Amino acid sequence: MSTVTKYLVYGPNDTLRRIPVKLMESHEPKYLYTYKSDKNADQIYVAVYEQFEKQINATITLTCVIECNSRHTRIELKKAGGRMGFRGSSLSEERNIEADVVDFVMDFSKRFGLSLQEEVDDDTEKEEEKK
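Residues numbered from 1 in each chain as written. Predicted model: local features only at pLDDT ≥ 70, side-chain atom pairs only at ≥ 80, totals over all residues. Heavy atoms only, no water.

Draft legend 1. Fine view of the packing of aromatic side chains. Tallied over the full model, the rule gives two aromatic pairs. Residues F108 and F112 carry aromatic rings whose centres are separated by 4.6 Å and whose planes lie at 40° to one another, so their mutual orientation is tilted. Within the aromatic cluster, the residues linked to one another by ring pairs are F104, F108 and F112. The aromatic ring of F112 is capped on one face by R18, whose charged end is 4.7 Å from the ring centroid. (Phe/Tyr/Trp six-rings, centres within 6.5 Å; stacked < 30°, edge-to-face > 60°. Lys NZ or Arg CZ within 6 Å of the ring centre and 35° of its normal.)

Written out as structure tokens, the structure reads:
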């Protein structure tokens, strides 16, 4: 089971650069990698979150890649792990880490007046047109 969700956040550059810092403060990742370019002000953060779900007896991993440049901040969330099938397809009553991160990004965007746009892949659009 693997899903990818992408967001673009537009707004003032100083506010956009605070998103990864505040996210890491409020939801501390298990692993964190930071890259800062020497040539320009681009920054990349890769955070890995792990969460064990008792109900399905499986670990879910969320990889969060945040790219900050002068025009926008791009957030890519890749959820992997868990179980598919009869036992694993039931909805979890507990909040998962993906929902917490998405809620944080939406709340931060709304609070500081940023524009949030979900990025849709061309493959997804083509599949929907076939149906």
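Draft legend 2. Local environment of the nonpolar core. In terms of nonpolar packing, the biggest core is built from 22 residues, with L23, Y49, C64, I66, I75 and L77 touching the most fellow members. Sorting the residues of this core by element identifies strand 1 (2-10), helix 2 (18-26), strand 3 (43-53), strand 4 (58-68), strand 5 (72-81) and helix 3 (97-111) as the ones contributing at least two each. Broken down by element, the residue count for this core peaks at six residues, all from helix 3. Setting aside residues no more than four positions away along its own chain, I75 makes contact with T5, K6, Y7, V9, I19, C64, V65, I66 and V105. (Core = buried A, V, L, I, M, F, W, Y, C linked by side-chain atoms within 4.5 Å. Buried < 20%, exposed > 50% of the residue type's maximum accessible area, 1.4 Å probe, protein only. Helix = DSSP H or I, 4+ residues; strand = E, 2+ residues; numbered from the N terminus. Contact = heavy atoms within 4.5 Å.)

Draft legend 3. Geometry of the side chain of E98. Within the fold, E98 resides in helix 3. Judged by relative accessible area, which is 15%, E98 ranks as buried. Not counting residues within four places of it along the chain, the set of residues in contact with E98 comprises T3, T5, L62 and K79.

Draft legend 4. Broad picture of a nonpolar patch on the surface. Together, Y33, Y35 and I44 make up an exposed nonpolar region whose accessible area comes to about 290 Å². Note on placement: I44 falls in strand 3. Here I44 falls in the partly exposed class, since its relative accessible area comes to 31%. (Patch = residues over 30% accessible without salt bridge, like charges linked within 9 Å, V, L, I, M, F, W, Y side chains within 5 Å. Areas by Shrake-Rupley, 256 points an atom, 1.4 Å probe, with all protein chains shown as cover. Salt bridge = Lys/Arg side-chain N within 4 Å of Asp/Glu carboxyl O.)

Function cannot be inferred from these measures alone, as they are strictly geometric.
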